Amino acid sequence: MRGGPIHDRNGELLGGVVTLTDISERKQLENDRAYLYEEMKRALRVREELLGFASHDLRNPLQIILLSLQLQSFVHDVLESFLPIAQEKSIELLTENVENSCVVFCDPDRLLQVFTNLLGNAIKFSNSNSTIRIRLEECGVDKAVLSIADSGPGISLEVQAHLFERFWQGRESRTHGGAGLGRSIAKGIIEAHWGEIEVESELGHGSVFKFSIPKRSMKIIDRAKS
């Protein structure tokens, strides 16, 4: 708000004028910038933590801490953290069947690494104004299967054969940056849980990454004894 007096030619005070400026839009813009800045810092912290995990995993055997985990709340929490990044490309994140109660036996931090890598890649390689679907494919007696389907350019069979190799990067990955470790680490984490990870893709028709997590601990315990 600004104000000032109004005088006539002789300097006599006639009145005053007050100008009101609507700053709500500017304030909202400032708040949005502050929020995006915090999200950027969070993303950088996650990146550094992932690189730290990667460095450790290259030198040491993979260790996991097994806990029961409710997939519905886990998936929704991860999607909430990725919303700002997806919204920048007008990408819609949809869940299918995840609302069904499904509890798995896993290391939550390690599973977060897997989910963060696969969902981050799906957003990175998907076109703007597209959709990414996170689906609970199966919640059986022994295992649960999650899939992440994107609307990206698809992956050739030749490239699929190398996707989970350590330090391997396709042409698209080199263009977008990265060390070529994320999918390899994800594969190691899933296999440490006695699960499987795979990709289904066709050029021009997007990609679907699927991975399984056990619903009971017996298989992991048996593997540790062998």
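The structure this text deals with has already been given above.
Quick look at the structure, then. Treat the numbers as computed from the prediction; the structure is a model and nothing was measured.

1. Description of the packing of helix α2 (residues 71-88) against helix α3 (residues 108-125)
Next up, step 1: Relative to each other, α2 and α3 sit at 40 degrees, their axes nearing to 11 Å. Comparing their axes, α3 and α2 come out oblique. Regarding α2 and α3, the two cross each other, and that crossing is right-handed. Contacts between α2 and α3 involve L71, F74, V75, V78, L79, F82, I85 and A86 from the first element and P108, L111, L112, F115, T116, L119, G120 and I123 from the second.

2. Remarks on the packing of aromatic side chains
Next up, step 1: Across all of its chains, the model carries two aromatic pairs by this definition.
Next up, step 2: Ring geometry for F74 against F115: centres 5.8 Å apart, planes inclined by 75 degrees, an arrangement best described as edge-to-face. Taken together, the positions of F74 in helix α2 and F115 in helix α3 put the pair 41 residues apart, joining distant regions of the chain. In terms of burial, F74 and F115 fall into one category: buried.
Next up, step 3: Look at F115 and F211: their rings are 6.4 Å apart centre to centre, the planes differ by 85 degrees, and that puts the pair in the edge-to-face class. Residue F115 is found in helix α3, and its partner F211 is found in strand β9 (residues 207-214); the two are separated by 96 residues along the sequence. Grouping residues by exposure puts F115 and F211 together as buried.

3. Notes on the state of the cysteines
Next up, step 1: For the coordinates displayed, the defined rule picks out one disulfide.
Next up, step 2: Between the sulfur atoms of C102 and its disulfide mate C139 the distance is 2.1 Å. Between C102 and C139, the S-S dihedral sits near 100 degrees, and the bridge is therefore right-handed. Residue C102 is found in the loop between β4 (92-96) and β5 (103-106), and its partner C139 is found in strand β6 (residues 131-139); the two are separated by 37 residues along the sequence.

4. Describing the pairing of strand β8 (residues 197-201)
Next up, step 1: Residues I197, V199 and S201 line the buried face of β8, whereas the alternating positions E198 and E200 sit on a face that is not buried.
Next up, step 2: Note: β8 against β9, five bridges, orientation antiparallel. Within β9, the position partnered with S201 by the bridge is S207.
Next up, step 3: Connecting β8 to the antiparallel partner β9 that follows it, the hairpin turn spans five residues, and G204 within it adopts a positive phi of roughly 85 degrees.

5. Remarks on unusual backbone geometry
Next up, step 1: The phi torsion at S90 lies on the positive side, around 55 degrees, for a residue other than glycine.
Next up, step 2: With relative accessibility at 43%, the residue S90 sits in the partly exposed group.
Next up, step 3: One non-glycine residue with positive phi stands out, namely W194, at about 65 degrees.
Next up, step 4: Tracing the backbone shows W194 in the loop between α6 (182-192) and β8.

6. A few points about the environment of S68
Next up, step 1: Positionally, S68 belongs in strand β3 (residues 67-70).
Next up, step 2: In this structure the C-alpha to C-alpha distance between S68 and R216, which are 148 residues apart in sequence, comes to 8.8 Å.
Next up, step 3: Setting aside residues no more than four positions away along its own chain, S68 makes contact with V103, V104 and F105.

Calculation notes
Residues numbered from 1 in each chain as written. Predicted model: local features only at pLDDT ≥ 70, side-chain atom pairs only at ≥ 80, totals over all residues. Heavy atoms only, no water. Axes fitted to C-alpha atoms, helices over the stretch in contact; angles between N-to-C directions. Helix = DSSP H or I, 4+ residues; strand = E, 2+ residues; numbered from the N terminus. Parallel < 35°, antiparallel > 145°, perpendicular 65-115°, else oblique. Left-handed = near helix turned anticlockwise from the far one by under 90°. Contact = heavy atoms within 4.5 Å. Phe/Tyr/Trp six-rings, centres within 6.5 Å; stacked < 30°, edge-to-face > 60°. Buried < 20%, exposed > 50% of the residue type's maximum accessible area, 1.4 Å probe, protein only. Disulfide = S-S within 2.5 Å. Pairing = 2+ DSSP bridges.

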